[in-house]
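# Inside the fold
In case you want the letters, here they are:
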Amino acid sequence: MKWPFSKPAPVVETKADTSGYAVPADWLFELFGAGAAGSSAVSAATALTVPAVQAAVRVISEAAASLDVTVKRKVGDAEVDVPEHPAAKLLTGAANPWTSGYEIIRDLVSEALTHDAGGFAWVNRVSGRPAEVIHYDPGSIGVAYSTKGTGEPTYRLSGKKINSADVIHLRGPFSKCPLTLARQAIGLAHLMESHASNLWLNGGSPKGVIETPKKVGDDGIRKMITAWRAAHDGPANAGKTAILFDEATYKQLALSSTDGQFLENRQFQILEIARAFRVPPGMLFELTRNTWGNSEQQAKEFISYTLVPWIRSLEAALNRALFTDSERGEYRIAFDIDDTSQADLTARATAISSLIASKVLNPNEARDWLGLEPRAGGEVYENPAITVAPAANDNNQPKQEAA
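Everything numeric here is computed off the predicted structure, so don't read it as measured data.

Here we come to the sheet that holds strand β6 (residues 119-126). Taken in spatial order, the 3 strands make up an open sheet running β7-β6-β11, and their pairing is antiparallel. Both outer strands of the open sheet, β7 (129-135) and β11 (167-170), are each paired with one neighbouring strand and no more. Strand-to-strand twist of the sheet, defined as the mean angle between neighbouring strand axes without regard to direction, takes the value 25°. Summarising the sheet, β6 and β11 pair through 4 bridges and their orientation is antiparallel. Each bridged residue has a counterpart across the sheet, and for W122 the counterpart in β11 is V167. Along the sheet face, helix α5 (residues 101-114) touches β6, β7 and β11 and points at about 145° away from the line of β6. In the packing of helix α11 (residues 292-322) onto the sheet, the strands contacted are β6, β7 and β11, and the crossing angle to β11 comes to about 165°.

Okay, structure coming up:
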C-alpha cells in the first residue's frame, strides 16, 4: 500500500529574526577545531570509536527504545490505553515508510547523548493529525533560542523556519550532551587506545639494549643485529645463553611505574566515561568489582537514575509534538518501565502473587500484565491463600426430639 502522507515540510515565511542565539551544529566545531586549549578533546565521530562510549550510548538509547510505549487517555480517575490513536500507531509501528518507531526513539536518544543541540524529528500532519514522523540527520534542523529570558526555541529546516509545534526535540541538561562534557576524559581514553595500538603494531617495547664503548659504525650495527637474530630469534633458540664480544654488555629494560599501570589507567578511564553517562561500569563490561549481588543492584540503579530521567524527557518531547492543544491533559504518552523486570521471571511471579494476595490486583489485572486473556471470575479481589470455603450442608445432623 502506498504511503499517502509524505510531503515536504511546511515553510512558515517570516521576516529575518535576529533576536535569538543559535546553537551551532557539532560539525562546525569540528571543522574549525574548537575546543579547550591544551586538551585531548576529540570529535563526536572519533569519540564513538572508543568502545566504552559506544557501549554507554547504545545501552541507554536501545533500552529506551525497547520499552513498550502506549497512549493513555484519562477517563475520570482512571487511565485507559488508546491503541488506535495516530501517535500510538506511529511509535509502535512504522513512523514513516522507511523508519520504524523503535528507530525513531533510539536515534533521538542517541543524538541527545552525543550532540549538544539534541535529537530532532519532524511531525507531518494531515488534517491536524500526526501522519508520520521523519528523523533528520544532525544539523538538518537548526534551533535558536530567544535572548529575552524565556528560552523560546525557533526551528529551521534547511534554513527555513518551521512550526515549533511540529518538532520533536530531545536534549539533555546543561545545554550540553554528556559526550561534550566528558570530552577530555574520552579523549584520554582514545589516546591510550592509540598508544596501545601503535605499541603492539611495532612489536611491543624492546626487552633490552646492547651497549658497547667502541664505535662500531653502521656496518657493525647491521652485522651485530644479523648475528644476534641468527643466534636467538625463533622458538628453537629460546633460552640460549647470549655471548657478547668487544666489551659489549647487555642491559635489560624495565617498565616505568606509569607503563606498569597502563592497564589500570585504561580501566580508570572506563570508570570516568561511565560516570559521565551515569551508567554502571558493569554495563560497559568493566567487571573488575562486579559480584552476583551488586550486579542486580547496579541494574536497578541504571533504571532509576539513568533510564527514567531520559524517558521522562522523551515523554515530554513526544507529548508536546504529537498531541494537539485540545488533547493535552487528556492524552499522554507513557513508557512501561515494568518491562525491565520481565527478564527475572521468579521476581516478577513473586511480586504478582504478593499483589494478588494483598488485594491490590485481581487475577485478571495480573494476567493483563503478563499479556494473557482474562478468565471467568478473575475480577474478584481475594487472597487465594486464606479465602474460606463455603460451609458444608448440615442436613445430615440428627434432629433433636422435642421435649
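With that out of the way, let us pick up a nonpolar patch on the surface. Taken together, V216, I221 and I225 make up a surface patch of nonpolar side chains, about 220 Å² in accessible area. Take V216: it is sitting in the loop between β12 (208-211) and α8 (217-232). Look at V216 and you get partly exposed, because its relative accessible area is 36%.

Backbone phi values are negative for most residues with the exception of glycine, while trans is the configuration of most peptide bonds. A positive phi angle, close to 65°, is found at F174, a residue other than glycine. Among the structural elements, F174 can be located in the loop between β11 and α6 (178-181). Positive phi values are uncommon outside glycine, yet S175 reaches one of about 60°. Take S175: it is sitting in the loop between β11 and α6.

So, on to the pattern of salt bridges. Within this structure, the stated rule accounts for 13 salt bridges. For the salt bridge of R125 with D166, the shortest nitrogen-to-oxygen distance reads 2.7 Å. Of this pair, R125 sits in strand β6 while D166 sits in the loop between β10 (160-162) and β11, and the two are 41 residues apart along the sequence. D166 shares its class with R125; the two are buried. With a shortest N-O distance of 2.6 Å, R129 and E327 are connected by a salt bridge. On the criterion of sequence distance, the pair formed by R129 in strand β7 and E327 in the loop between α11 and β14 (331-336) is long-range, its members being 198 residues apart. Its relative accessible area of 34% is what places R129 among the partly exposed residues. The exposure class assigned to E327 is buried, which follows from its relative accessible area of 8%.

As a further point, take the packing of aromatic side chains. Geometry of an aromatic ring pair is reported as the spacing of the ring centres plus the angle between the planes. For the structure on display, the rule yields 2 aromatic pairs. An angle of 35° between the planes, with centres 6.1 Å apart, marks the rings of F323 and Y331 as tilted. Each member of the pair F323 and Y331 is classed as buried.

Right, let's get into the sheet that holds strand β3 (residues 78-81). A sheet is described by the order of its strands in space; here 3 strands give the open sequence β3-β2-β14, paired in antiparallel fashion. On the outer flanks of this sheet lie β3 and β14, each paired with one strand and no other. Recorded for the sheet is a direction-independent mean angle of 40° between the axes of neighbouring strands. The pairing of strand β2 (residues 68-75) with β3 spans 4 bridges and is classified as antiparallel. Bridge pairing in β3 places K74 opposite E79.

Our next topic: the environment of G142. For G142, the position within the fold is in strand β8 (residues 141-146). Taking the C-alpha atoms as reference points, G142 and Y155, separated by 13 residues in sequence, lie 5.6 Å from one another. Among residues more than four places away in sequence, those in contact with G142 are T154, Y155 and R156.

Definitions and limits used
- Residues numbered from 1 in each chain as written.
- Predicted model: local features only at pLDDT ≥ 70, side-chain atom pairs only at ≥ 80, totals over all residues.
- Heavy atoms only, no water.
- Pairing = 2+ DSSP bridges.
- Helix = DSSP H or I, 4+ residues; strand = E, 2+ residues; numbered from the N terminus.
- Axes fitted to C-alpha atoms, helices over the stretch in contact; angles between N-to-C directions.
- Contact = heavy atoms within 4.5 Å.
- Patch = residues over 30% accessible without salt bridge, like charges linked within 9 Å, V, L, I, M, F, W, Y side chains within 5 Å.
- Areas by Shrake-Rupley, 256 points an atom, 1.4 Å probe, with all protein chains shown as cover.
- Salt bridge = Lys/Arg side-chain N within 4 Å of Asp/Glu carboxyl O.
- Buried < 20%, exposed > 50% of the residue type's maximum accessible area, 1.4 Å probe, protein only.
- Phe/Tyr/Trp six-rings, centres within 6.5 Å; stacked < 30°, edge-to-face > 60°.

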